[in-house]
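Structure at a glance
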Amino acid sequence: MKAVGIICEYNPFHNGHVYHIQKAKKMFPDSTLVLVLNGYFLERGEISLLSKQDKTRLALLYGVDLILELPVVFGTQSADIFAKYAIEILNHFRVTDIVFGSESNDIQMIMNMAKKQLDLDYSIRVQEILKTGVNYPTALSKALDGNIINTPNDLLGISYAKAILTSEYPITLHTIQRTNNYHDTTLSSPFISASNIRHKISLQADISSFVPNDTLACIRSIDEKKFWELLRFRVLTDARLDIYMTVDEGIEHRLKKLILKASSIDEFVSMIKTKRYTYNKIHRMLIHLLLGFTKEMNDSLILDYIHVLGFNEQGQKYLNSIRKDLALPLKNTKSKIYQMEEIAATIYDVLTNSQERSFETEHKPVTIISNPSFDNL
């Protein structure tokens with residue numbers, strides 16, 4: 001039985017995601033569709049507007065067969081780390097093809113760029129450019145001699161390609177054309193970016209034309225004041241901020257100084273911003289501080305289990321067919337990864353007034369199935 005993969009965050013789940021699922025199933029009609037899903041805190045340092053449980057249920061409702069978790073310790077890091085572990089999880093589940101949205105829709109260009117970035121001479125040049133004080137994305141672009149790629153899906157596609165090439169996985173990438181602009185918050189067609197939708201939500205605008213009805217009831221309100229209070233407590237009371245992930249190059253002193261001057265998260269981020277630090281990197285850093293995710297913990301992490309978040313009947317059959325040959329267990333409550341997942345769920349509950357921690361502790365998959373018989377994950 002063939003398996004095809006997709007990798008998503010669903011922040012929130014919208015019409016474009018439905019289209020993505022439909023296209024993937026049309027491209028591979030006799031395959032099991034496997035999703036690697038990021039959870040409560042996301043790759044750009046955002047807090048998810050949908051809970052992990054709701055995102056899983058929505059994915060199943062709209063055609064995904066099997067959903068696997070991308071742990072928060074990997075899902076809140078840079079695109080390369082995000083991609084590395086998402087691809088590794090799919091490889092463990094014998095996925096042979098991955099379908100992703102692409103602005104260029106040019107898989108050959110994406111593969112060529114990935115190969116170039118893996119070249120040692122390119123890596124050395126990136127490091128030299130970084131020493132001039134620019135941020136990492138700018139250094140990547142400059143090292144490509146003007147072949148600048150700054151569209152988010154293509155950049156992520158390059159990270160997917162690098163992960164596949166580096167580990168020599170037997171996985172083929174496929175693109176579908178992305179027609180909207182991630183940065184454009186003015187578009188009003190039925191297919192707009194998640195960023196555009198989040199912008200409209202912040203303005204309390206109607207988003208019913210852009211998301212399935214099932215999504216509307218699931219959107220959570222994030223308490224920015226609580227986020228700010230928790231962050232202030234961490235920065236003001238922790239003597240060693242530099243032990244946490246992404247707190248590098250002496251920026252901990254800047255954090256300590258500016259936390260006393262800012263009155264909100266947005267103001268704090270604006271004050272921290274420098275040419276070297278992108279907004280995404282700053283937001284990731286704040287999430288790592290919030291979670292208490294240290295560099296020491298990260299250095300010792302390995303993917304030591306894979307959490308099945310949900311499945312339908314097709315997904316259950318596929319899981320049953322490969323389970324005995326899986327190299328990793330489907331549960332490991334002693335894992336540092338699992339423990340961090342519990343912390344993330346607890347903080348998410350505080351920030352959204354939710355009750356999601358039980359979804360982690362009970363460890364029961366979401367099922368849309370007529371005769372469930374796979375209860376011991």
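Notes on the structure follow. Since this is a predicted model, take the numbers as computed values, not measurements. Numbering of residues starts from 1 in each chain and follows the order in which that chain's sequence is written. pLDDT decides what is reported in this predicted model: residues at 70 or higher carry local features, side-chain atom pairs at 80 or more are listed and counted, and totals for whole chains, interfaces and linings draw on all residues regardless. The basis for every side-chain value is the complete set of heavy atoms in the structure, and neither hydrogens nor water enter the calculation.

**Concerning the overall build of the protein chain**
Numbering of helices and strands runs from the N terminus; a helix is a DSSP stretch of H or I covering at least four residues, while a strand is a stretch of E covering at least two. Secondary structure assignment for the protein chain yields 18 helices and seven strands. In terms of principal-axis extent, the alpha carbons of the protein chain reach across some 60 × 45 × 45 Å. Per-residue burial over the protein chain gives 56% buried out of 377 residues. Contacts spanning at least 24 positions in sequence make up 75% of the contacts within the protein chain whose residues lie at least 6 apart. Only carbon and sulfur atoms are counted for the fraction: they give 50% of the accessible area of the protein chain, which is about 16,900 Å². Each charge class in the protein chain can be summarised by its mean position, and for the 43 positive and 43 negative side chains these summaries are 2 Å apart. Relative accessibility under 20% of the residue-type maximum defines a buried residue, over 50% an exposed one, and the middle range a partly exposed one, all with a 1.4 Å probe and only protein chains included. Contacts: residue pairs with any heavy atoms within 4.5 Å of one another. For the accessible areas, the method is Shrake-Rupley and the probe is 1.4 Å, while residue cover comes only from the protein chains on display. In this tally, Lys and Arg are treated as positive and Asp and Glu as negative; His is ignored, and so are the chain termini. By convention, the point assigned to a charge is CZ for Arg, NZ for Lys, CD for Glu and CG for Asp.

**Points about the packing of aromatic side chains**
Pairing of aromatic rings covers Phe, Tyr and Trp, the last counted by its six-membered ring, and requires centre-to-centre distances within 6.5 Å; plane angles under 30 degrees mean stacked, over 60 mean edge-to-face, and any other angle means tilted. A full pass over the atoms with the stated rule returns eight aromatic pairs. An angle of 65 degrees between the planes, with centres 5.8 Å apart, marks the rings of Tyr-19 and Phe-191 as edge-to-face. A residue pair is termed long-range when its members are at least 10 positions apart, and Tyr-19 in helix α1 (residues 15-27) and Phe-191 in the loop between β5 (172-177) and α9 (194-202) qualify at 172 residues. Over the aromatic face of Tyr-279 sits the side chain of Lys-273, whose NZ or CZ is 5.3 Å from the ring centroid. The ring centre of Tyr-277 lies 4.6 Å from the NZ or CZ of Lys-281, which sits over that ring. Here, a charge over a ring is recorded when the distance from Lys NZ or Arg CZ to the ring centre is within 6 Å and its angle to the ring normal is within 35 degrees.

**A closer look at the layout of surface pockets**
The definitions used throughout rest on a 1 Å grid laid over the protein atoms alone, on which a cavity is an enclosed set of points accommodating a 1.4 Å probe that cannot get out and a pocket is an open set flanked by protein within 12 Å on both sides along at least five of seven lines; lining residues are those having an atom within 4 Å of a point. Grid points are joined across faces, edges and corners, and a volume is the space filled by probe spheres set on the points. By volume, the second largest pocket amounts to about 620 Å³. Looking at the second largest pocket, it is lined by 19 residues, and the ones nearest its centre are Glu-46, Glu-224, Ile-265, Asp-266 and His-283. Among the secondary structure elements, those contributing two or more residues to the lining of the second largest pocket are α11 (224-237), α13 (265-272) and α14 (279-291). All amino acids are sorted into three groups, where Ala, Val, Leu, Ile, Met, Phe, Trp, Tyr, Cys and Pro are nonpolar, Asp, Glu, Lys and Arg are charged, and the leftover types, Gly among them, are polar. Within the lining of the second largest pocket, the residues separate by chemical class into eight nonpolar, five polar and six charged.

**Some thoughts on the environment of Ala-86**
Relative to the helices and strands, Ala-86 resides in helix α4 (residues 79-92). The exposure class of Ala-86 is buried, given its relative accessible area of 0%. Leaving out residues up to four positions away in the same chain, Ala-86 has contacts with Ile-7, Val-36 and Leu-70.

**Quick look at helix α2 (residues 52-61)**
Across the 10 residues of α2, seven count as buried, placing the element largely inside the fold. Turning to α2, its buried residues number three or more, namely Lys-52, Asp-54, Lys-55, Thr-56, Leu-58, Ala-59 and Leu-60. With its phi angle positive at about 115 degrees, Gly-63 sits one or two positions after the end of α2.

**Remarks on the pattern of salt bridges**
The term salt bridge refers to a pairing of a side-chain nitrogen on Lys or Arg with a carboxyl oxygen on Asp or Glu at a separation within 4 Å. Taken as a whole, this structure holds 16 salt bridges when the rule is applied. As a salt-bridge pair, Glu-46 and Arg-198 come within 3.0 Å of each other at their nearest N and O atoms. Here Glu-46 is found in the loop between β2 (32-38) and α2, whereas its partner Arg-198 is found in helix α9, with 152 residues between them in sequence. A relative accessible area of 18% means that Arg-198 is categorised as buried. Arg-240 is the salt-bridge partner of Asp-242, the closest N and O atoms lying 2.8 Å from each other.

Nothing here speaks to function; it is geometry throughout.
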